[in-house]
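Results of the structural survey
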Amino acid sequence: SFIPPITVATTLSFFIIMSGYRSLHRETLGKYPIWSLAASPALKKKSASSNNDWRIFAACGDGIVRGYLVGEKSLETKGDTLDASACTLTANILFLGKEQEVREEEDPMMVLGCTQVQVARNYVGDDDSAGDLVVASMDLAGRVRIWQLPEETDGSNSSSSSNGEEEPKKLRALQEFDVEQATGTCMRIVPPKISGVGDVSVAVARLDGTVAYIATGLVTPKASTKKDPKPAGTILETWGKPGSIAMSLAWHPSKKFLAIGRQDGLVEYLEDKPHRLIMHHTPVRALSFTPDSYLLVTGSDEGMIAIWDTSRPNPAMVHHVMDAHSSTDGGNGCWILSLAVLSDSRRFVTGSVDSTLNVWNVGQIDRAMHTFSSDGAVWSSSILQEPPRLVAGNNKGGLQIYSLEP
């Protein structure tokens, strides 16, 4: 077969196309693994600052949730769009339980680590920048903690007020409760914009295979003057049937529909009627809807990606990739541990135990668009939609920030 020669023009064209995918920041947070991450815009008025500030929340193996403020200079300020030094990471909040303390000397392997962190705006409308920010975590023992950051937490000069030498603020949980029979590894906040006015809730996977829909003790603003919230830890509903345990959960972007990835490889889509999506044969640890709600992307331990069309009355698989992440010894595919979708509903990123993150396009699914490397198994990833940034955490405590500019 004919292989075209590599020319200067070809190389330059490739650089221009791929220059938007680059590493912006790498840092080791500690000796503990980073099990879960969430990225969110900074909590401030849009006109309050010219800095492109945003937040990272990290659930760590030592049992602590850590909050970081990311500062990026504007294009006008930094001039060179490829200047990675324009990105800074400042630890500014330690999210603690009501009686939890930070034990710097303790061996992180001896702690029931924090496996999950989720964030959502406490606002029922379509404005994703409105409302206080609800932060929820869960540890391996099944203990859920809830915090709430006011809408204007970061003020008008959030990044300039922290110089890296100040001690992070300690913030105690508003609510704390244990979920009986929780797996300790799978939880999702129910976004108020899809649950509607009333109690703010979390969905928690349980050892019998069901998913508990549980009150956090908070209510949406419009409901706060009408009724008291249900006590934190109250089970409001139970989803699914007993069976294989849930390894991953994803909420539909606009409706109270739930996708569940199970240990036996089954994917369930619970809408007006339940659907069983059969393709995987190993645990499905990662899944996510595209923001336009048309597709559901799933990833499993055999390294397979499957893409399902959920806009049909009976959802169907439309694409799949075998060995999307491959083992270095030439064996079977590697576990897919994390999956995050961009706002264009076309691109998504998978993270794997093979220490890589692959960027995919649903229209060109035969091969990855780009591959980022990590210093360890990528257990967690999250995407900030604007500007498009990928945050990844690994089992060695490493945190990386990448640009996903098209």
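1. Side note on the overall build of the protein chain
Secondary structure summary: the protein chain contains three helices and 29 strands in total. Scored against the burial criterion, the 406 residues of the protein chain give a buried share of 54%. In the protein chain, the share of contacts with a sequence separation of at least 24, taken over all contacts with a separation of at least 6, comes to 54%. Summed over all atoms, the accessible surface of the protein chain reaches about 18,500 Å², with 51% contributed by carbon and sulfur.

2. Description of the nonpolar core
Counting 18 residues, the largest nonpolar core has Leu29, Trp54, Ile56, Leu399 and Ile401 as its most contacted members. Mapped by element, the contributors of at least two residues to this core are β2 (34-41), β3 (54-60), β4 (65-72), β5 (87-96) and β29 (398-404). For Ile401, the residues in contact, after removing those within four places along its chain, are Arg22, Ser23, Leu24, His25, Trp54, Ile56, Val70, Cys87 and Leu390. If you look at the next biggest cluster of nonpolar residues, it comprises 17 residues, including Val134, Val200, Val202 and Ile214.

3. Considering the sheet that holds strand β1 (residues 21-28)
Ordered by their spatial adjacency, four strands build an open sheet running β1-β29-β28-β27, and the pairing between neighbours is antiparallel. Bordering the open sheet on either side are β1 and β27 (378-384), each of which pairs with just one other strand. Looking at each pair of strands side by side, their axes are set apart by 20° on average, direction ignored. When strand β28 (residues 389-394) meets β29, the two strands line up antiparallel, connected through five bridges. Residue pairing for β29: Gly393 is matched across the bridge by Leu399.

4. Topic: the pairing of strand β8 (residues 143-149)
Counting buried positions along β8 yields five of seven residues, so the element is predominantly enclosed. With six bridges joining them, strand β7 (residues 133-139) and β8 adopt antiparallel strand pairing. Bridge pairing in β8 links Val134 to Gln148. Between the end of β7 and the start of β8, which pair antiparallel, lie three residues, with Gly142 showing a positive phi angle near 90°. Note: β8 against strand β10 (residues 175-178), four bridges, orientation antiparallel. Directly across from Val144, in β10, lies its bridge partner Phe177.

5. Concerning unusual backbone geometry
In this structure, Pro387 follows Glu386 across a cis peptide bond, with omega equal to -5°. When you line up the elements, Pro387 lands in the loop between β27 and β28. Within the chain, Asp323 stands out as a residue other than glycine whose phi angle is a positive 50°. By relative accessible area, Asp323 is classed as partly exposed at 38%. With a phi close to 70°, Ser355 is a non-glycine residue in the positive phi region. Structurally, the position occupied by Ser355 is in the loop between β24 (347-352) and β25 (356-361).

The rules we used
Residues numbered from 1 in each chain as written. Predicted model: local features only at pLDDT ≥ 70, side-chain atom pairs only at ≥ 80, totals over all residues. Heavy atoms only, no water. Helix = DSSP H or I, 4+ residues; strand = E, 2+ residues; numbered from the N terminus. Buried < 20%, exposed > 50% of the residue type's maximum accessible area, 1.4 Å probe, protein only. Contact = heavy atoms within 4.5 Å. Areas by Shrake-Rupley, 256 points an atom, 1.4 Å probe, with all protein chains shown as cover. Core = buried A, V, L, I, M, F, W, Y, C linked by side-chain atoms within 4.5 Å. Pairing = 2+ DSSP bridges. Axes fitted to C-alpha atoms, helices over the stretch in contact; angles between N-to-C directions.

Remember that the coordinates give geometry; whether it matters functionally is a separate question.
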